[in-house]
Amino acid sequence: MRTQNSGNVRSSRSFAYLTVRDRLPTILTKVIDTIHRNKNNFFEEHGEEGVNAEKRAISFLSKLRNELQTDKPVLPLSDDAEDTVAWNEYMQRQQDMMEDRQPVSWFKSPWLYVECYMYRRIQEAVWLNPPIGDFDVFKEGKTQTFFESQQAIMFLCTHLREVLTSMDNPNEKQLFDHFLKFLQVSLWGNKCDLSISAGQDNSQKISPIESLASLQRFILVDDSDQVWSALMTLQGSRETEKRGARVDLILDNAGFELITDLVLGDFLVSVGLAKEVRFHGKSFPWFVSDVTKKDFDWTIRQTMASNHKQMSACGVQWKRFLKEGVWSYHDHRFWTLPHEFCDMPTDAADLYTDLQGSDLILFKGDLNYRKLTGDRDWEHTVPFARALRGFRPAPLCSLRTLKANVQVGLQPGHGEMLTSQEPDWMTNGKYAVVQFFCPPREQ
Ligand SMILES: O=P(O)(O)OC[C@H]1O[C@](O)(CO)[C@@H](O)[C@@H]1O
Ligand SMILES: [Mn+2]
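Residues numbered from 1 in each chain as written. Chains lettered and ligands numbered in written order. Predicted model: local features only at pLDDT ≥ 70, side-chain atom pairs only at ≥ 80, totals over all residues. Heavy atoms only, no water.

1. Side note on the overall build of the chain
Across its full length, the chain holds 19 helices and seven strands. Taken over the C-alpha trace, the chain has a radius of gyration of 22 Å; the compact-globule value for 443 residues is 22 Å, and the two agree within 12%. For the chain, the spread of C-alpha atoms along the three principal axes comes to 60 × 55 × 45 Å. For the chain, buried positions account for 59% of its 443 residues. Long-range contacts, defined here as pairs at least 24 residues apart, represent 79% of the contacts in the chain between residues at least 6 apart. Once the 52 positive and 60 negative side-chain charges of the chain are each reduced to a mean point, those two points are 1 Å apart. (Helix = DSSP H or I, 4+ residues; strand = E, 2+ residues; numbered from the N terminus. Rg over C-alpha atoms; globule rule 2.2 N^0.38 Å. Buried < 20%, exposed > 50% of the residue type's maximum accessible area, 1.4 Å probe, protein only. Contact = heavy atoms within 4.5 Å. Lys, Arg positive; Asp, Glu negative; His and termini not counted. Charge placed at Lys NZ, Arg CZ, Asp CG, Glu CD.)

2. Considerations on the coordination of the manganese ion (ligand 2)
Around a metal, the idealised angle for a tetrahedral arrangement of four donor atoms is 109.5 degrees; for an octahedral arrangement of six donor atoms it is 90 or 180 degrees. Only Asp252 (OD), Asn253 (OD1) and Asp290 (OD) from the protein coordinate the manganese ion (ligand 2), and they sit 2.2 to 2.3 Å from it. Taken in chain order, the donor set of the manganese ion (ligand 2) reads D-N-x36-D. Taken together, the positions of Asp252 in the loop between strand S2 (246-250) and helix H12 (256-270) and Asp290 in the loop between strand S3 (276-281) and helix H13 (293-304) put the pair 38 residues apart, joining distant regions of the chain. Looking at Asp252, the relative accessible area reads 6%, which means it is buried. (Donors = N, O, S within 2.8 Å, 3.2 Å for Na, K, Ca; no water.)

3. Concerning empty space enclosed by the protein
Within the structure shown, the criterion is met by two cavities of 30 Å³ or more. One number sums up the size of the second largest cavity: a volume of about 40 Å³. Lining the second largest cavity we find Lys139, Lys142, Thr143, Phe146, Ala254, Gly255, Asp295, Trp298 and Thr299. Contributing elements (two or more residues each) for the lining of the second largest cavity: helix H6 (139-148) and H13. It is H6 that provides the largest number of residues to the lining of the second largest cavity, a total of four residues. Of the residues assigned to the lining of the second largest cavity, the class counts are three nonpolar, three polar and three charged. (1 Å grid on protein atoms, 1.4 Å probe; cavity = no way out; pocket = protein on both sides within 12 Å on 5 of 7 lines; lining within 4 Å. Points joined across faces, edges and corners; volume = space filled by probe spheres on them. Nonpolar A, V, L, I, M, F, W, Y, C, P; charged D, E, K, R; others polar.)

4. As for the layout of surface pockets
What the largest pocket holds in volume is close to 660 Å³. In this structure, the largest pocket is lined by 23 residues; those nearest its centre are Leu234, Asp359, Pro395, Cys438 and Arg441. Taken together, the elements giving at least two residues each to the lining of the largest pocket come down to helix H10 (224-236) and helix H11 (238-243). Top element by residues in the lining of the largest pocket is H10. It accounts for five residues. The class makeup of the residues in the lining of the largest pocket is nine nonpolar, eight polar and six charged.

5. Quick word on the packing of aromatic side chains
This model, assessed by the stated rule, comprises 34 aromatic pairs. Judged by centre distance (5.9 Å) and plane angle (55 degrees), the rings of Tyr352 and Phe391 are tilted. In this pair, Tyr352 sits in helix H16 (residues 349-356) while Phe391 sits in the loop between helix H18 (384-387) and strand S6 (396-401), placing the two residues 39 residues apart along the sequence. Taking the relative accessible area as the measure of exposure, Tyr352 reaches 10% and is therefore buried. Members of the aromatic cluster, each reached through a chain of ring pairs, are Tyr119, Trp127, Phe138, Phe284, Trp286 and Phe287. Stacked on the ring of Trp111, the Lys or Arg Arg370 has its end atom at 3.5 Å from the ring centre. (Phe/Tyr/Trp six-rings, centres within 6.5 Å; stacked < 30°, edge-to-face > 60°. Lys NZ or Arg CZ within 6 Å of the ring centre and 35° of its normal.)

6. A look at the packing of helix H3 (residues 48-69) against helix H5 (residues 111-127)
Between H3 and H5, the shortest axis-to-axis distance is 9 Å and the interhelical angle comes to 155 degrees. On the basis of their axis angle, the class for H3 and H5 is roughly antiparallel. When the axes of H3 and H5 are compared, the crossing they make is right-handed. Across from Ala57, Phe60, Leu61, Leu64, Glu67 and Leu68 in H3, the residues of H5 making contact are Met118, Arg121, Ile122, Glu124 and Ala125. The residue makeup of the contact of H3 with H5, split by class, is eight nonpolar, no polar and three charged. (Axes fitted to C-alpha atoms, helices over the stretch in contact; angles between N-to-C directions. Parallel < 35°, antiparallel > 145°, perpendicular 65-115°, else oblique. Left-handed = near helix turned anticlockwise from the far one by under 90°.)

7. Here's the deal with the pattern of salt bridges
This model, assessed by the stated rule, comprises 31 salt bridges. For Glu67, the salt bridge goes to Lys63, with nearest N and O atoms at 3.5 Å. Here Lys63 and Glu67 lie together in helix H3, a separation of four residues that amounts to about one turn. Exposure remark for Glu67: the relative accessible area of 7% places this residue in the buried category. Owing to a relative accessible area of 51%, Lys63 belongs among the exposed residues under this scheme. (Salt bridge = Lys/Arg side-chain N within 4 Å of Asp/Glu carboxyl O.)

8. Here's the deal with the confidence of the model for the chain
Overall, the prediction assigns the chain a mean pLDDT of 93, with 93% of residues at 70 or greater. At the level of chain-chain contacts, confidence expressed as ipTM amounts to 0.96, with global pTM at 0.95. (pLDDT = per-residue confidence, 0-100.)

9. Some details on the site of ligand 1
What surrounds ligand 1 is a group of 17 residues, the closest being Glu115, Asp366, Leu367, Arg370 and Lys403. At 3.0 Å, a side-chain N or O of Asn190 approaches an oxygen atom of ligand 1. Here an oxygen atom of ligand 1 sits 2.6 Å away from a polar atom, N or O, in the side chain of Lys403. For ligand 1, whose free accessible area comes to 390 Å², the fraction covered by protein is 100%. Of the residues in the shell around ligand 1, the class split is five nonpolar, five polar and seven charged. (Near = heavy atom within 4 Å. Polar contact = N/O pair within 3.5 Å; in protein donor to acceptor, adjacent residues only side chain to side chain. Areas by Shrake-Rupley, 256 points an atom, 1.4 Å probe, with all protein chains shown as cover.)

10. Considerations on unusual backbone geometry
Even without glycine at this site, Phe287 takes up a positive phi of about 45 degrees. The topology assignment puts Phe287 in the loop between S3 and H13. We classify Phe287 as buried; its relative accessible area is 6%. At Val288, a residue that is not glycine, the phi angle is positive and equals roughly 65 degrees. Summarising the element assignment, Val288 is placed in the loop between S3 and H13. A relative accessible area of 6% means that Val288 is categorised as buried.

Quick look at the structure:
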């Protein structure tokens, strides 16, 4: 069994190596440029102090880029945030695992760790300079993809409102068909992240519903019917009948993907499949396009303010769900730590306990999949349940388009066939999985 990290940065032909060599410095250069372009805004808001903060942040980030490119040892964090100690302890853990006592450095550590670490160091640059401490270095890109996906967002909102108004007493089959569509739209929404393209435009421009049929053959594992059964079982159970089912959606990217997740959350609540939807986002800007609380609120405000009738009706409804507590937004520092999810019971016990109260947890995106499976070099036939290594807070499902070298739960020979036909099938974002796991009932 090969279970070392799939992200082997040491091998100069690996996807991980290329990411660290090419993609991460490009992202850092864009961040530096963004801060520089905002110099006048910082001056207007904070005077000279703002300009000094801009200079210090840029010099910090340029140094960081140099450390990365010259494979320097990774440095402990020097800020004083809620998660600083956890990060520095994790770095020590990495150090203890080094075979030859070499210092942990950018090209000699697991990919998952260095990639997460870079985003945390970017945040360190901002937090160490309080006048610009709440500046989101990725905001521009996130708003841009939202506006560039307007057409697709309008299609989707229209489709949702039509489905909801036309459904008077739907039978189970009709409900299932609609559910499947909204689940798949949310799945393919994950194509639109900005980290894989180092911030280049990756927005959705065509009708998301119409493209579903042609995309079906790219879903390598499709456990949608098990997700559906889990929801149906809840409907029949006495306990959940009383309190209603709770779905937790672990969000990934802002822009079009977030809209697909909100639409799915709306559908689940509006047709009674869930009583409560809890959205989980990041507590600081992460992996270029991930959702923060500000992005979440901004997206709902923008949707409400749209001139398009159905789109603004969606926004108004979403605002109402939040006000009534049917929907809620949560963040936890664990989502922006480098830990794999099987560490959650020990390293974020409060979050694990919270998730145990869920009836279904939907994990969006590639990074969440890497953390679910520990980003290991698993054989493709290893069952998903095994790759989770004891992470079993509640029934859970990963909705992920493939953008990294890890994939489990395939039929024998499937992975080999794909490799022979399309060597980059795990990283080109063309394929997807809907992978479900249900913890066995306690005896
Ligand atoms: O937004 P997602 O789907 O988690 O993707 C994040 C991207 O960043 C990566 O970590 C690569 O840099 C990949 O896993 C993926 O391409
Ligand atoms: Mn992301």
